[in-house]
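Chain and residue survey
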Amino acid sequence: MGDALRVALAGLGTVGGGVIRLLDANRDLITRRAGRPIEIVAVSARDRTKDRGVDLSRFAWVDDTAALASHPDADVVVELIGGSDGPALTLARTALDAGRGFVTANKAMLAHHGLELAQKAEASNAALKFEAAVAGGIPVIKGLREGAAANAIARVYGILNGTCNFILSKMEAEGRDFAEVLAEAQALGYAEADPSFDIDGVDAAHKLSILAAIAFGTQPAFGDVAIAGVRHVLAADIAQAASLGYRVRLVGVAEEGPHGLFQRVHPHLVPLDHPLAHVTGSTNAVVAEGNFVGRLLFQGAGAGDGPTASAVVADLIDIARGEYGASFAMPAHELTAATKADSGERRGRAYLRFTVQDKVGVLAEIAAAMRDAGVSIESLIQRGEAADGGVMIAIVTHEGPERAVAQALERLRGSQSLVGQPLLMHILG
Ligand SMILES: NC(=O)c1ccc[n+]([C@@H]2O[C@H](COP(=O)([O-])OP(=O)(O)OC[C@H]3O[C@@H](n4cnc5c(N)ncnc54)[C@H](OP(=O)(O)O)[C@@H]3O)[C@@H](O)[C@H]2O)c1
């Protein structure tokens, strides 16, 4: 049995507490699997007096979180604070510069600073691991980095935010509107008090940019992700989608093509015969398409103390075994700066929902905008009263260039016939 891997733990909230509980519960098994014990030696958070439901008296308490990076008794620093910059980034930089292994669940920091941190890890030959940063407990990073390492990946996509999926599933099951379900999700602890990162798609975009870097060998490019969240999806859209044979899901898609790397997080219509349509509640799922392995589906709990701690400790086990390679599946200098692909080049089908004034000529105005932009309409459904007094018109387009749909919407911008903004959802092909 080797010497213990000694861990300094920064952040003792949901995930940090989970890591302590998991290491306590599965200590013997983990020791046998890792070939050596994994022991927390020092911890840090903001408030030393907070009761966290775990015995912290056996660990050294460090007031200055940044000092964990140079703690004399630690081999590895685990960062579970969060935030793209601030104390998490200071800790990452100093730990990696000092040659310490670094494990994090912090997708925001990796999306913004992943390349720099990977370069630092390589320069000092230290481990940089972040399985928990994407889809919580699902081993999708390991799956892509190791299991699918022999494949060229054409596309990686999935449901990457449990809060949005919980809300959309509940809206569908109960026919209720977004704001009402969000309030309930907050009361149940499924959504943050400030839910904007989740519901506006930013959290999913952080994760997508990390997945894309691993899948395509590109530098993480969060700024290139086109993002739209779920706050404008109505119960009526979900009902309409259901009647057409689809479910509404917030899907992140990254795809490499002749025009570069395309990355988008948007609400999509997912056909009922697609596995993502059956991912309900706060579950996450990722699909990767490899040129030899075919379609891989990873599914499971995308958040929560247990699943997220499971991923963090799996990283620690890899480090204890000495089994860690390049963070983004290839050396940092091999990661290319991706060209951002313009969505207009893509072809696909789309769902468009308009709320319009109940007056003569509105339908003709919308149809003319579609015709003039070259959008071919597959079906058009007009429904009675929408919530805000207008009439709802839903259109499904035939497959065509996304540019044409964007142009049609541009033609209708500012039209006196429209009540509020139209909603565009792409149909997952
Ligand atoms: N929760 C999940 O299900 C989940 C899933 C996947 C990934 N993640 C990621 O895991 C990380 C941690 O998330 P979490 O849910 O565990 O967060 P959390 O419950 O809010 O816990 C954050 C911890 O960080 C500490 N902290 C905050 N600011 C600090 C500062 N300036 N200096 C020192 N410590 C500070 C807090 O200290 P006090 O307790 O003293 O206030 C707390 O212990 C984030 O990057 C998150 O995105 C979370």
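About the cut-offs
- Each chain has its residues counted from 1, following the order in which its sequence is written.
- Only residues with pLDDT of at least 70 are given local features in this predicted model, and only at 80 or more are side-chain atom pairs given and counted; all residues enter the totals for whole chains, interfaces and linings.
- Calculated side-chain values reflect all of the structure's heavy atoms, with hydrogen atoms and water omitted.
- Here a strand pair is declared whenever DSSP counts at least two bridges between the two strands.
- The helix count covers DSSP runs of H or I at least four residues long, the strand count covers runs of E at least two residues long, and both are numbered beginning at the N terminus.
- UniProt positions are given in the numbering used here, feature names are shortened, and annotations may be inferred rather than shown by experiment.
- Here, residues are in contact when the closest pair of their heavy atoms is within 4.5 Å.
- Here a polar contact is taken to be a pair of N or O atoms separated by no more than 3.5 Å, where protein atoms must pair a possible hydrogen donor with a possible acceptor and residues adjacent in sequence count only if both atoms sit in side chains.
- Here a Phe, Tyr or Trp ring, Trp counted by its six-membered ring, pairs with any other such ring whose centre lies within 6.5 Å, and the pair is stacked when the planes are under 30 degrees apart, edge-to-face when over 60, and tilted otherwise.
- Exposure is judged per residue with a 1.4 Å probe applied to protein chains only, and the accessible area is read against the type maximum: over 50% gives exposed, under 20% gives buried, and values in between give partly exposed.
- Here, a charge over a ring is recorded when the distance from Lys NZ or Arg CZ to the ring centre is within 6 Å and its angle to the ring normal is within 35 degrees.
- Think of the arc as the fan of directions from the helix axis to the C-beta atoms.
- By nonpolar core we mean a set of buried residues, namely Ala, Val, Leu, Ile, Met, Phe, Trp, Tyr and Cys, connected to one another through side-chain atoms within 4.5 Å.

Below, the discussion takes up the sheet that holds strand β6 (residues 128-129). Strand order across the open sheet formed by six strands is β3-β2-β1-β4-β5-β6, with parallel pairing between neighbours. Two strands lie at the open edges of the sheet, namely β3 (60-61) and β6, each paired on one side alone. Relative to strand β5 (residues 101-104), strand β4 (residues 76-79) runs parallel, the two sharing four bridges. Bridge pairing in β5 places Val 77 opposite Phe 102.

Mapped onto the present numbering, the UniProt feature "active site" (unreviewed entry) falls at Lys 207. Among the structural elements, Lys 207 can be located in helix α9 (residues 202-216). Contact partners of Lys 207, with chain neighbours within four places excluded, come to Lys 107, Ala 133, Val 134, Ala 135, Leu 160, Asn 161 and Asn 284. A polar contact of 2.7 Å, which involves the side chain of Lys 207, links it to the side chain of Asp 203.

Attention now moves to the packing of aromatic side chains. Each aromatic ring pair is summarised here by two numbers: the centre-to-centre distance and the angle between the ring planes. Applying the stated criterion to the full structure yields two aromatic pairs. The interplanar angle of 45° and the centroid separation of 5.1 Å between the aromatic rings of Phe 130 and Phe 328 together place this pair among those described as tilted. You can see Phe 130 sitting in the loop between β6 and α5 (140-147) and its partner Phe 328 sitting in the loop between α11 (305-321) and β13 (347-356), a full 198 residues away along the chain. Ring geometry for Phe 166 and Tyr 190: centres 4.3 Å apart, planes at 20°, overall stacked. Linking Phe 166 in helix α6 (residues 162-174) with Tyr 190 in the loop between α7 (178-187) and α8 (196-199), this pair joins segments that are 24 residues apart in sequence. We classify Phe 166 as buried; its relative accessible area is 12%. Looking at Tyr 190, the relative accessible area reads 41%, which means it is partly exposed. Of note, Arg 155 hangs over the ring of Tyr 157, and the distance from its end group to the ring centre comes to 4.3 Å.

Below, the discussion takes up helix α13 (residues 402-412). Listed as buried for α13 are Glu 402, Ala 404, Val 405, Ala 408, Leu 409 and Leu 412. The buried residues of α13 occupy one face: seen down the axis, they fall within an arc of 160°. Lining the buried residues of α13 we find β10 (260-271), β13, α12 (362-373), β15 (391-397), β16 (400-401) and β17 (423-427).

Here Thr 65 shows up in the loop between β3 and β4. Sequence separation between Thr 65 and Gly 189 is 124 residues; the distance between their C-alpha atoms is 27 Å. When sequence neighbours within four positions are dropped, the list of residues in contact with Thr 65 reads Ala 10, Ser 44, Ile 81 and Leu 91.

This paragraph deals with the nonpolar core. With 84 residues, the main nonpolar core has Phe 102, Phe 130, Val 140, Val 156, Ile 167, Ile 210 and Val 233 as its most contacted residues. Apart from the residues lying within four places of it in its own chain, the contact partners of Phe 102 are Val 76, Val 77, Glu 79, Ala 88, Leu 91, Ala 92, Ala 95, Leu 96, Met 109, Ala 127, Leu 128 and Lys 129. If you look at the next biggest cluster of nonpolar residues, it comprises 34 residues, including Leu 9, Leu 23, Leu 80 and Ile 317.

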